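# Geometric and topological summary
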Amino acid sequence: MLPCSFIIPFADALCIVDFSSSCNWASTVMLVLLISMLAGLSSMLLCPTVSLIDCMASISILPADTSTFMFPCDTVSLSLPSAIVVVALVGSLIRLPYVIFSPGSATPVQPIVSIDGAPTYDSKGDLLFLTVSVSNGRPNLWRFLQASLSGDDEVVGERSYLGNSTPEEDRRLNIALMDESQQVAKAEALEYLGYEVPVTGSGAYVVEVTPGGPSAGRLRAGDLITAIDGRTIQRADEIGAAVRTAPAGTTFTFSVTRGRGRARLEVPVTSRLATSGELRGRPFVGIAPATKDLRYEYPVDITIDPGPVSGPSAGLAFTLTIIRSEEHTSELQSLAYLVCRLLLE
């Protein structure tokens, strides 16, 4: 191969990459494509009217001994090793508006659950809770490309994942969901074991609105529901109970607080008859709620430490672990009880 130089428009400069005759053609082409792609992304960020295709189509190849070319803007001349470093550095600095989901871990539950105030028993085997890893912050270009090509990862647009929430609001919400998951698990286990567990809350947050559902365009993720038709709502489970007191097609008035200013609104929502899923054949309004300031009065002190895990995770595993620690029962018996509870609700 003859020595040559590639001239690549890079933002407001021209990047000249020199190659010697010892360069491998495949490596050269891959490197130039990467540099041109980075150049296109940079140009697109600085000037939205420039497309990646336009930039890549403007790559020029010159003989290596060319010395008479004059450019109307700044030029940068790079050797091959330097170009590789630049590509790696720039790619690591470019952040893209996507969220990456990856397989998480399978963690034994027994070591993270401690019980005080009641007799406990050892049990055989392990119960595990599975997690999904969600990227923290925007991924750089290399992580994005790796996830896009991986069969194990899923790449989702940031707007699709967050909706109208900010990353900080989403983080706080997932922490609250994990707290609720633990509290509900402890309550379910203790009630199964014969204890009474009083519960209170300060309303129900809207975690998600079903696209095309009865609440779409009316309620929003982040809304705090405090009443339905004047009936105070303290916990998330009270919403379904209130909606199912009337036939599908009934219009309910939801009292909500919304936004940073916490505006108080009255939002009408008409229920529909669910045609699929666990609510099939029953009225629904199409939201996923979570209780604000959920509080249980536990007769037994139970502590669960999931570490950095957040979100509505591991509730069933937590419940089964508590039950088998306090009673000589099998996981199958405990699971059968919980399934029956869900079917009857």
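So, here is what we can say about the structure in this document.

With that settled, the discussion passes to the packing of aromatic side chains. One pass over the structure, following the stated rule, counts four aromatic pairs. Ring geometry for Tyr98 and Phe144: centres 4.8 Å apart, planes at 35 degrees, overall tilted. One end of the pair, Tyr98, is in strand β5 (residues 98-108); the other, Phe144, is in helix α4 (residues 141-149), and 46 residues separate them in sequence. Phe144 sits in the buried class, given a relative accessible area of 18%.

When α4 is considered as a whole, its buried residues turn out to be Leu141, Phe144 and Ala147. All buried residues of α4 project into a common sector of 135 degrees when viewed along the axis, lining one side. You can read the cap of α4 off the contacts: a side-chain oxygen lies 3.1 Å from the backbone nitrogen of Trp142, and it is on Asn140.

Attention now moves to unusual backbone geometry. One non-glycine residue, Asp229, lies in positive phi territory at about 55 degrees. Within the secondary structure, Asp229 is located in the loop between β11 (224-228) and β12 (231-232). Although it is not a glycine, Asp293 adopts a positive phi angle of roughly 55 degrees. In this fold, Asp293 is placed in the loop between β17 (287-291) and β18 (295-296).

What counts and what doesn't
- Residues numbered from 1 in each chain as written.
- Predicted model: local features only at pLDDT ≥ 70, side-chain atom pairs only at ≥ 80, totals over all residues.
- Heavy atoms only, no water.
- Phe/Tyr/Trp six-rings, centres within 6.5 Å; stacked < 30°, edge-to-face > 60°.
- Helix = DSSP H or I, 4+ residues; strand = E, 2+ residues; numbered from the N terminus.
- Buried < 20%, exposed > 50% of the residue type's maximum accessible area, 1.4 Å probe, protein only.
- Arc of directions from axis to C-beta.
- Polar contact = N/O pair within 3.5 Å; in protein donor to acceptor, adjacent residues only side chain to side chain.

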